[in-house]
Amino acid sequence: MTDTLTPILTKDWDTPDSWKLDTYVRGGGYDAARKALTTMKSPEVIDLVKASGLRGRGGAGFPTGMKWSFIPQDNPKPKYLVVNCDESEPGTCKDMPMLIATPHTLLEGIIIACYAVNAHHAFIFCRGEVLHAIRRLSQAVREAYDKGYLGKDLFGTGYDLDIVVHSGAGAYICGEETALLSALEGHRGQPRLRPPFPAVEGLYACPTVVNNAESIASVPAIVRNGAEWYQSMGTEKSKGATIYSLSGHVKRPGQFEAPLGITFRQILELGGGVRGGHQLKFFTPGGSSTPMFTPEQLDVPLDYEGVSAAGSILGTKALQVFDETTSVVRTTLRWTEFYKHESCGKCTPCREGSWWLVQTLRNLEAGKGQEGDVDKLLDVCDNVSMKSFCTLADGFVACITSAIKHFRSEFEAGYHTPAWELFPYEKSALFADPDRESITMTGATA
């Protein structure tokens with residue numbers, strides 16, 4: 001690992017008018033797209049991204065260049081690129097700040113990615129509730145068209161590209177790539193059975209690449225600086241830098257861009273530590289759908305292999321921090337209520353299992369649980385996990401089972417004592433802490 005902070009995507013977040021095209025161009029914006037289209041062939045771009053070791057930043061960590069290479073170029077149908085900007089995972093906040101601060105970074109990455117896979121249409125699926133981000137992104141697209149960076153004959157190469165910004169309807173399930181494709185086509189957002197995979201039959205039954213926004217936005221820097229430069233950051237199998245979202249009971253929450261492999265202890269120190277007078281109880285390494293960690297995992301490398309070896313998933317790098325005032329029963333219930341609400345209802349184990357889990361957790365929170373309810377939770381989780389079309393059910397199962405693993409006695413206390421008596425909720429109210437500093441976005445300026 002190199003420096004603690006490595007501002008690449010975040011380096012211009014504090015630049016005045018950073019979202020405007022003129023500002024982006026003055027800093028070298030669209031030079032990488034020009035370089036790719038005028039000096040490289042499409043397969044060379046794919047090989048460069050492969051060599052860089054860039055992995056998907058949406059959660060799964062699949063190699064980006066390899067994903068691009070799956071598009072069958074002998075298929076006569078149109079090829080599409082779909083950018084996933086849904087970002088609805090609780091605690092995740094990396095794509096939206098980027099769309100607000102530097103949307104042209106994403107657009108330049110889209111140009112390069114589309115050229116690489118021979119696509120002439122790209123779709124950006126953005127979470128509908130974040131209206132400000134959609135407006136910024138739409139404005140950036142208009143600017144790019146006006147200046148000739150989108151549309152016909154890009155950089156005089158004869159290559160054409162059109163981009164459509166699509167506002168989602170607020171369904172968390174549309175963060176799953178096949179549900180996202182269904183929503184783009186005008187259908188209800190529900191996951192599809194695979195195969196066929198999107199690379200073969202995706203949007204409109206055509207070959208489609210679906211990538212996270214941060215993945216695509218990372219491409220221009222790789223084209224500009226080379227694969228070896230990107231490989232110099234991160235760990236052996238998890239290359240490059242990424243944006244970690246730090247929130248919860250910390251003094252200085254925000255976005256921290258650092259090489260993969262940084263530890264949670266280091267990021268927590270960058271955030272000023274746990275709020276004054278309190279101690280870390282547990283945290284999520286990749287969002288609420290990933291198994292939680294305790295202080296024993298403070299020094300686990302936050303890369304794909306390190307987090308997996310420790311029993312969780314890096315996911316979207318949403319580091320949610322909770323101190324000793326927090327009821328883990330209440331937290332787990334709130335997360336499960338979210339997933340129950342966001343279940344699309346297509347699969348019976350997810351639809352029914354989430355309902356029963358919420359009812360049981362509510363009883364435990366209220367101190368009205370019955371002997372055996374904790375084992376019942378685990379039994380229901382076992383009957384839900386890995387039995388649905390997508391991984392939404394696996395996510396809410398993971399947060400429940402890991403919570404019970406680390407804090408079983410708190411759940412069993414729900415047989416006789418309400419959680420709010422054991423952990424008065426007003427004590428965990430974050431903004432009652434006078435030591436808390438203002439929220440910042442930390443990357444280039446730490």
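Data block above holds the structure.
Just so we're clear, the structure is a prediction, and the values are computed from it rather than from any experiment.

Draft legend 1. The sheet that holds strand β7 (residues 254–259), seen in detail. The four strands lie next to each other as β7-β6-β9-β8, forming an open sheet whose pairing is mixed. Each of the sheet's edge strands pairs with one partner strand only, and the pair in question is β7 and β8 (280–284). Strand-to-strand twist of the sheet, defined as the mean angle between neighbouring strand axes without regard to direction, takes the value 25°. Pairing of strand β6 (residues 241–248) with β7, which is carried by six bridges, proceeds in the antiparallel orientation. Paired with I243 across the strands is E257, a residue of β7. Relative to the sheet, helix α14 (residues 328–342) contacts β8 and β9 (318–323), its axis offset from that of β8 by approximately 15°.

Draft legend 2. Layout of the packing of aromatic side chains. Counting across every chain of the model gives 19 aromatic pairs. On the basis of an interplanar angle of 80° and a centroid distance of 5.8 Å, the ring pair of F322 and W335 is categorised as edge-to-face. Here the residue F322 occupies a position in strand β9, and W335 occupies one in helix α14, the gap between them amounting to 13 residues. Relative accessible area serves as the criterion here: at 8%, W335 is assigned to the buried category. Grouping aromatic residues by their ring pairs yields a cluster made of Y24, Y30, Y149 and F155. The side chain of R136 reaches across the aromatic face of W19, ending 3.6 Å from its centre. Taking the ring centre of Y425 as reference, the NZ or CZ of R330 above it sits at 3.9 Å.

Draft legend 3. Spotlight on unusual backbone geometry. Note the cis peptide between R194 and P195, where omega equals 0°. You can see P195 is positioned in the loop between α8 (177–184) and β5 (208–212). Note that the residue after P195, namely P196, is joined by a cis bond; omega there is 5°. The topology assignment puts P196 in the loop between α8 and β5. In the Ramachandran plot, N118 falls in the positive-phi region, its phi being about 65° despite a non-glycine side chain. Structurally, N118 is set in the loop between α6 (103–117) and β2 (121–126). For N118, a relative accessible area of 37% puts it in the partly exposed group.

Draft legend 4. Here's a closer look at the environment of P301. For P301, the location among the structural elements is in the loop between β8 and α13 (304–309). A C-alpha to C-alpha distance of 9.9 Å links P301 and L314, two positions 13 residues apart in sequence. Here P301 is in contact with G261, I262, T263, G306 and V307, once residues within four sequence places are set aside.

Draft legend 5. Representation of α8 within the structure. Most of α8 is tucked away, with eight of its eight residues classed as buried. Within the span of α8, buried status applies to E177, T178, A179, L180, L181, S182, A183 and L184. Those residues of α8 that are buried are in contact with α4 (64–69), β1 (80–85), β2, β4 (159–167) and β5.

Draft legend 6. Focus on a nonpolar patch on the surface. Residues F62, M66 and F70 make up a contiguous nonpolar surface patch of roughly 280 Å² in combined accessible area. With respect to the element layout, M66 can be found in helix α4. M66 sits in the partly exposed class, given a relative accessible area of 36%.

Draft legend 7. Summary view of the nonpolar core. In this structure, W68, L81, V83, L106, L107, I110 and I124 are the most contacted members of the largest nonpolar core, which totals 66 residues. In terms of residues, this core owes the most to one element, α6, which gives ten residues. If near-sequence neighbours (up to four positions away) are discounted, V83 is found in contact with L106, I110, F123, I124, F125, N211, N212, A213 and I216.

Draft legend 8. View of empty space enclosed by the protein. Within the structure shown, the criterion is met by three cavities of 30 Å³ or more. By volume, the largest cavity amounts to about 60 Å³. Contributing to the lining of the largest cavity are I173, P191, S343, C344, C347, C350, S388, C390, L392 and A393. In the lining of the largest cavity, the residues fall into eight nonpolar, two polar and no charged.

Definitions and limits used
- Residues numbered from 1 in each chain as written.
- Predicted model: local features only at pLDDT ≥ 70, side-chain atom pairs only at ≥ 80, totals over all residues.
- Heavy atoms only, no water.
- Pairing = 2+ DSSP bridges.
- Helix = DSSP H or I, 4+ residues; strand = E, 2+ residues; numbered from the N terminus.
- Axes fitted to C-alpha atoms, helices over the stretch in contact; angles between N-to-C directions.
- Contact = heavy atoms within 4.5 Å.
- Phe/Tyr/Trp six-rings, centres within 6.5 Å; stacked < 30°, edge-to-face > 60°.
- Buried < 20%, exposed > 50% of the residue type's maximum accessible area, 1.4 Å probe, protein only.
- Lys NZ or Arg CZ within 6 Å of the ring centre and 35° of its normal.
- Patch = residues over 30% accessible without salt bridge, like charges linked within 9 Å, V, L, I, M, F, W, Y side chains within 5 Å.
- Areas by Shrake-Rupley, 256 points an atom, 1.4 Å probe, with all protein chains shown as cover.
- Salt bridge = Lys/Arg side-chain N within 4 Å of Asp/Glu carboxyl O.
- Core = buried A, V, L, I, M, F, W, Y, C linked by side-chain atoms within 4.5 Å.
- 1 Å grid on protein atoms, 1.4 Å probe; cavity = no way out; pocket = protein on both sides within 12 Å on 5 of 7 lines; lining within 4 Å.
- Points joined across faces, edges and corners; volume = space filled by probe spheres on them.
- Nonpolar A, V, L, I, M, F, W, Y, C, P; charged D, E, K, R; others polar.

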